[in-house]
Amino acid sequence: MTNADVARLLYELAELMDLRGDVFKRNAYRRAARGVETLDGDVRELARDGRLDEIPGVGKSIASTIAEIVETGTSRKLEELRQGFPPGLAELMRVPDLGPRTAVQLHRELGVSDLEGLKRAAEEHRIRSLKGFGERSEENILRGVEMVERLGRRMLLGDALPVAEAIAAHVRAHGTELVSVAGSMRRMRETVGDVDILAGTDRPEEALAAFVAYPEVAEVVVRGPTKSTVRLADGTQVDLRVVPAASFGAALQYFTGSKDHNVRLRRLALQKGLKLNEYGLFDASGANLAAGRDEGEVYRQLALPVIPPELREDRGEIEAALAGRLPRLVTEADIRGDLHVHTSMSDGRASMREVAEAAVRRGYEYIGITDHSRSLHVAHGLSEDDLLASVEQARQLTRELGFPVLRGAEVDILEDGSLDYPDEVLEQLDYVIGSVHSRFKMSKDEMTERVVAAMADRHLSILGHPTGRLLGRREPYPIDMERVMDEAAARGVVLELNSFPDRLDLNDLHCRMAKEHGVLVSVDTDAHGVEQLDHMRLGVGTARRGWLGPEDVLNTRALDEVRRLLRR
DNA sequence: GCCGTTTTCGGCCCGACTGTTTTCAGTCG
């Protein structure tokens, strides 16, 4: 039972409370789940010491539930509630406009218990005859089910962001000055459900006309006076909302979310006798204190520092802001080099020279080349001889370009935890990233031992993509991350934050965990072509979501210090 | 179920929209 396991069951309890119609208990369980999720230490330890109620959002009742979960793997309350609802009922709520009340009603009156059943009921026109429903809502539900089926997978941030920014730029180029991406994308969440763009103008018609005329638009789904939804050729759905220019700042704050962050902010406003909504921050007399072009004014008028969008998840950022302890977050400008890049020697597309020249163009101070090791045949892993020859090549290139090209390698961590080259080869390299690329289905204990054994090898400087997940394609392999972090801290191993769009591994919560363990994180792209060096922004966004400052990141340092830190 | 410079009970964020209704409940962001 890890913290994440306990949090998952608490979230399930919240969902079941929702179905029971108790939104206050739902919120209480959610808050507690978040508290466990973002906990510094091990929930099991707190349970042992009877200190569970120190977790924010955990009181007497939930503390005893957690204790029971830690001990038995479940709780009687949870099992009881599960009896009350079929397991598929919660998924009904993924359909737009279908909340807990409707889910329960559909179950009670039509026996609908999952998405499949809901679709059948809609197709057989059994829904329209229910009280409170009509033909329209039935069609709506059917469309919603189909969308959930089609878009069951959320979009990757790396796919959605360039699309949204191109459309925002298009609208801006057609006479609307205030345009911004909003929503979870602005918070740099690893996946986004829908693409939200916000415009502030007193000529909404102009902005909306430009929006629907964007060349990639395949279909205009909704075209209202202040909001429009379009579908692009690739199926991506994009929303543009237009607000008066005088409300842009407050609206941007509002539409950036998260919902939980906004709830906290509004409560804070209330305590100060103010009222916050998407039109502004109002005092008791109804005067608007903060609504204009500057979103930061909302925070300043609440006597808070401006909280960066990436932190707005109600994971303690408001408390930190109130206490003046918001971290200074790492930015892309702080990054001085990329330490995980492949070349055409293994499975990359660019030569070492092309990579180095691209790094110079990006303004980096150094670059690290890390091709695959010999066992990874599918990726053309390098033989010992080829690798050693390329070490000399890197030295030459360094001299020629006057730009440091480090020769490392992404070396497979083999099944027994050993590294995929002999010591005398590893010693010739500037550094080694150790990664798991095989045998993902080991038990948690076995995988943890394997990785910990590799970390004990002093040649390993960086642990690559530490959980091995591929968003939407492969679950992380089971591994005891607490243990890995402890080992990393003790041995001076750096953990990678791999910026590849479907990896982002470490994730945001792991970054925060690393910071708390005093473990350095290396934010790298794993680029297989020079254009992929741009993925750095996704990694930096994830690092920022994990509260990392420049001091927490290896490759914000000058080359001399990086070299020193890579030598263990 | 939690929590407390409105405090141990009674709140718990807020406004808009939608589809179905004659006055509003449910959902969303």
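Rules used throughout
Residues numbered from 1 in each chain as written. Chains lettered and ligands numbered in written order. Predicted model: local features only at pLDDT ≥ 70, side-chain atom pairs only at ≥ 80, totals over all residues. Heavy atoms only, no water. Helix = DSSP H or I, 4+ residues; strand = E, 2+ residues; numbered from the N terminus. Rg over C-alpha atoms; globule rule 2.2 N^0.38 Å. Buried < 20%, exposed > 50% of the residue type's maximum accessible area, 1.4 Å probe, protein only. Near = heavy atom within 4 Å. Polar contact = N/O pair within 3.5 Å; in protein donor to acceptor, adjacent residues only side chain to side chain. Nonpolar A, V, L, I, M, F, W, Y, C, P; charged D, E, K, R; others polar. Pairing = 2+ DSSP bridges. Axes fitted to C-alpha atoms, helices over the stretch in contact; angles between N-to-C directions. Contact = heavy atoms within 4.5 Å. pLDDT = per-residue confidence, 0-100. Right-handed = clockwise from strand over helix to strand, strands pointing away. Parallel < 35°, antiparallel > 145°, perpendicular 65-115°, else oblique. Left-handed = near helix turned anticlockwise from the far one by under 90°. Core = buried A, V, L, I, M, F, W, Y, C linked by side-chain atoms within 4.5 Å. Phe/Tyr/Trp six-rings, centres within 6.5 Å; stacked < 30°, edge-to-face > 60°. Lys NZ or Arg CZ within 6 Å of the ring centre and 35° of its normal.

Undergrad: Explain the overall build of chain A here, please?
TA: From N to C terminus, chain A includes 24 helices and 17 strands. The C-alpha radius of gyration computed for chain A amounts to 26 Å, which stays within 12% of the reference 24 Å derived for 568 residues, consistent with globular compactness. With the principal axes as the frame, chain A shows a C-alpha extent of 75 × 60 × 50 Å. Relative to its 568 residues, chain A shows a buried fraction of 52%.

Undergrad: For this particular structure, what's the right way to read the protein's contact with DNA strand B?
TA: Near DNA strand B there are 37 residues, and of these T102, Y254, K259, R266 and R267 occur at the shortest range. Within 4 Å of the protein, the contacting atoms of DNA strand B are drawn from sugar and phosphate to the extent of 67%. For DNA strand B, a phosphate oxygen lies 3.1 Å from a polar atom in the backbone of G57. In this structure, G59 approaches DNA strand B through a main-chain N or O atom, which is 2.5 Å from a phosphate oxygen. Elements supplying a minimum of two residues to the surface near DNA strand B: α2 (23-37), α4 (60-72), α7 (100-110), α9 (135-150), α13 (248-256), α14 (259-271) and β8 (275-277). Here the surface near DNA strand B is built from residues that sort into 15 nonpolar, ten polar and twelve charged.

Undergrad: Got a minute to help me understand the sheet that holds strand β2 (residues 178-181) in this structure?
TA: The five strands lie next to each other as β2-β4-β7-β6-β5, forming an open sheet whose pairing is mixed. Strand pairing shows two members of the sheet lacking a second neighbour, β2 and β5 (217-223), which therefore form its edges. When the angles between neighbouring strand axes are averaged without regard to direction, this sheet yields 20 degrees. As defined by bridge partners, β5 adjoins strand β6 (residues 227-232) across five bridges and the pair is classed as antiparallel. Bridge pairing in β6 places R223 opposite S228. Helix α12 (residues 204-212) contacts β5, β6 and β7 (237-243) of the sheet and is inclined by roughly 170 degrees relative to β7.

Undergrad: Please clarify how unusual backbone geometry should be interpreted in this entry.
TA: Only a minority of non-glycine residues have a phi that is not negative, and only a minority of peptide bonds are not trans. Each neighbour pair has its own omega, and for G257 with S258 the value is -5 degrees, a cis peptide bond. Residue L506 follows D505 across a cis peptide bond; omega there is 5 degrees. Backbone geometry at H125 places phi at a positive 55 degrees, although glycine is not the residue there. Looking at the element boundaries, H125 is found in the loop between α8 (115-123) and α9.

Undergrad: Sorry, what's going on with the confidence of the model for chain A here?
TA: Low pLDDT means the predicted atomic positions in that stretch should not be read closely. In this model, chain A carries an average pLDDT of 91, and 99% of its residues clear a pLDDT of 70 or more. The element-level mean pLDDT for chain A is lowest in α9, coming to 82, with strand β17 (residues 521-524) highest at 98.

Undergrad: Looking at this model, I keep getting lost on the pairing of strand β12 (residues 366-372). Mind explaining?
TA: Consecutive side chains of a regular strand alternate in pointing toward one face of the sheet and then the other. By the criterion of burial, β12 is predominantly enclosed, with seven of the seven residues buried. Summarising the sheet, strand β11 (residues 337-341) and β12 pair through three bridges and their orientation is parallel. Along β12, the bridge assignment pairs G337 with Y366. Note that the unit made of β11, helix α17 (residues 352-361) and β12 has a crossover that is right-handed. Examined bridge by bridge, β12 and strand β13 (residues 405-412) share six bridges and lie parallel to one another. The residue of β13 that forms the bridge with H372 is E410. Taking the sense of rotation as the criterion, the β-α-β connection linking β12, helix α18 (residues 384-401) and β13 turns out right-handed.

Undergrad: Sorry if this is basic, but what is going on with the packing of α17 against α18 here?
TA: Each pair of packed helices can be summarised by the angle the axes make with each other and by the distance between the axes. Contact geometry of α17 with α18 gives a least axis separation of 11 Å together with a crossing angle of 40 degrees. As far as their axial angle goes, α18 and α17 are oblique. Both α17 and α18 take part in a crossing whose hand is right-handed. On the side of α17, the interface is formed by M352, R353, A356 and E357, while α18 contributes S390, Q393, A394, L397, E400 and L401.

Undergrad: What should I look at first to understand the nonpolar core in this one?
TA: Proteins that are soluble and globular tend to have nonpolar side chains buried together. Within the largest apolar cluster, 59 residues are counted, with the highest numbers of intra-cluster contacts made by V405, V451, L463, V484, L495 and V523. Considering every element that reaches this core, the biggest residue donor is α17, with five residues. Apart from the residues within four sequence positions on either side, V484 is in contact with V451, M455, L463, I479 and L495. Counting 44 residues, the second largest nonpolar core, distinct from the first, contains L10, A32, I62 and I66.

Undergrad: Mind showing me how you'd approach the packing of aromatic side chains here?
TA: In total, this model carries two aromatic pairs according to the counting rule given. Arranged with centres 4.9 Å apart and planes meeting at 85 degrees, the rings of Y254 and F255 form a pair that is edge-to-face. The partly exposed category is assigned to Y254, whose relative accessible area is 27%. Judged by relative accessible area, F255 falls into the partly exposed class, the value being 22%. Taken together, a centroid distance of 6.1 Å and an interplanar angle of 10 degrees make the contact between F440 and Y477 stacked. Remark: Y477 occurs in the loop between β15 (462-463) and α21 (481-491) and F440 occurs in the loop between β14 (431-435) and α20 (444-456); sequence separation between them is 37 residues. We classify F440 as partly exposed; its relative accessible area is 24%. We classify Y477 as buried; its relative accessible area is 5%. The cationic tip of R512 hangs over the ring face of W547; the distance from NZ or CZ to the ring centre is 4.0 Å.

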